[in-house]
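Each chain is listed here by its residues.
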Amino acid sequence: VVMTQSPLSLPVTLGQPASISCRSSQSLVSSDGNTYLNWFHQRPGQSPRRLIYKVSNRDSGVPDRFSGSGSGTDFTLRISRVEAEDVGVYYCMQHTHWPHTFGQGTRVEIK
Amino acid sequence: EVQLVDSGGGLVQPGGSLRLSCEVSGFTFSTNWMSWVRQAPGKGLECVASIVPDGSDTYYVDSVKGRFTISRDNAKNSLYLQMNSLRAEDTAVYYCATGEGGYWGQGTLVTVSS
C-alpha cells in the first residue's frame, strides 16, 4: 500500500492552523472493521513519537490542538494553533496491510 | 516506565552480517507484535520486518526478503534482527518498535561501507 502525503513541506505561522493530507492506494478498513492509520511526529535526532492512532484517537499526553480525521483512503492531521515545539517531520503510517507502510513525511517549519 | 533499548549496530563491509537486539521492559512484550523500522540518512521511515506476538508469523519488505530474519524471545523480552548479505543501501538507523508504533527504541546505526 502506497501512502502519499501532501504537502511535503509546510511553512506555518505561530498560532495559525496547519493541515497535512495522507492518501492510501487501497482502503485501510480492516476485516475487523477498524482503520489502522496512525500519525507520528519526529524531531531531528529523536525517535518518532505517535500522536494519533486508528485515525482519530490521540495518544496520552498529546495536546488537544492535534486532531485526526478521515476514512477509507483519505486522511488528515490538523493542528489547530501551531506552537514552536510542533516543528519537525510528520508521518502517516498504515498497519492494516502487510507490509506496513509510511508516507514520505511532511516537514513543518515556522515562517 | 516503558523502555526499548536497541543495540548491535556498527560498521560492516558489503556482504557482511550483523545482529541487532532490542531489550524491552515496562509493558507485556509477549502480547505485542513488534517491528524493525529503519531510516536512511536524511530519509523517511520504512518498516522492514514485523513479527506476531508468539513468533509464528513474520513479514518483510521486499528489499530485505531472504537476507534479514526477525525473531523474538518472549522469555527474555527481546527482539532480534539478523541481517545478512548487507548492502550499502541498508545503511540506516534501525529502530525497534511495537507494531502499531506506540513505543520506540532509541535506534542503532548500521553503516555498510568498505
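I tried to follow the interface of chain B and chain A on my own but got confused; where do I start?
Chain B puts 20 residues into the contact, and the matching count from chain A is 14 residues. Both faces combined, the contact of chain B with chain A buries some 1,400 Å², and carbon together with sulfur accounts for 65% of it. Sorting the residues of chain B by area buried against chain A places L45(B), E100(B) and W104(B) first, and these three jointly supply 36% of that buried surface. On inspection of chain B and its partner chain A, the count reaches zero salt bridges. The tally of links from chain B across to chain A stands at six residue pairs in polar contact (both at pLDDT 80 or more). When residues of the side of chain B that touches chain A are traced back to their parent elements, those giving at least two are β4 (34-39), β5 (45-51) and β6 (58-60) of chain B. Residue contributions to the side of chain B that touches chain A peak at four residues, all from β5(B). A breakdown of the residues in the side of chain B that touches chain A according to their chemical character gives eight nonpolar, nine polar and three charged.

Would you mind showing me how to read the pattern of salt bridges here?
Side chains carrying opposite charge are able to pair once their charged atoms draw close together. Per the stated rule, a full pass over the model turns up nine salt bridges over all chains. We note a salt bridge from D90(B) to R38(B), for which the minimum N-O separation is 3.0 Å. Taken together, the residues D90(B) in the loop between β8 (78-83) and β9 (92-98) and R38(B) in strand β4 connect sequence positions 52 residues apart. Across the pair, R38(B) and D90(B) agree in class, each one buried. One salt-bridge network, in which partners are shared between bridges, spans R65(A), E83(A), E85(A) and D86(A).

Is there a simple way to explain the pairing of strand β1 (residues 3-7) of chain B in this structure?
Successive side chains on a regular strand alternate, one facing one side of the sheet and the next facing the other. Residues and elements named next belong to chain B. Side chains of β1 alternate between two faces, with L4 and D6 buried and Q3, V5 and S7 left unburied. For β1 and strand β3 (residues 18-25), the ladder comprises five bridges, and the chain directions are antiparallel. Across the sheet, the residue bridging to D6 is C22, located in β3.

How do you make sense of the environment of Y90(A) when you look at a structure like this?
Residues and elements named next belong to chain A. Structurally, Y90 can be placed in strand β9 (residues 88-94). Judged by relative accessible area, Y90 falls into the buried class, the value being 0%. Once the C-alpha coordinates of Y90 and Q42 are considered, the two residues, 48 residues apart in sequence, prove to be 6.4 Å apart. If we ignore the near neighbours within four places in the chain, the residues touching Y90 are Q5, I20, F40, H41, L51, F66, L77, I79, G105, T106 and V108.

Which parts of the structure should I look at to understand the sheet that holds strand β10 (residues 108-112) of chain B?
Paired through backbone hydrogen bonds, the strands of a sheet run either parallel or antiparallel to each other. All names here are of chain B. Ordered by their spatial adjacency, six strands build an open sheet running β2-β10-β9-β4-β5-β6, and the pairing between neighbours is mixed. A single partner strand is all that each edge strand has here, and the edge strands are β2 (10-12) and β6. The average angle at which neighbouring strand axes cross in this sheet is 25°, direction not considered. Pairing geometry for β9 and β10, over three bridges, is antiparallel. Of the residues in β10, the one forming a bridge with Y94 is T108.

Rules used in this analysis
- Residues numbered from 1 in each chain as written.
- Chains lettered and ligands numbered in written order.
- Predicted model: local features only at pLDDT ≥ 70, side-chain atom pairs only at ≥ 80, totals over all residues.
- Heavy atoms only, no water.
- Contact = heavy atoms within 4.5 Å.
- Buried area = accessible area lost by both parts, 1.4 Å probe.
- Salt bridge = Lys/Arg side-chain N within 4 Å of Asp/Glu carboxyl O.
- Polar contact = N/O pair within 3.5 Å; in protein donor to acceptor, adjacent residues only side chain to side chain.
- Helix = DSSP H or I, 4+ residues; strand = E, 2+ residues; numbered from the N terminus.
- Nonpolar A, V, L, I, M, F, W, Y, C, P; charged D, E, K, R; others polar.
- Buried < 20%, exposed > 50% of the residue type's maximum accessible area, 1.4 Å probe, protein only.
- Pairing = 2+ DSSP bridges.
- Axes fitted to C-alpha atoms, helices over the stretch in contact; angles between N-to-C directions.

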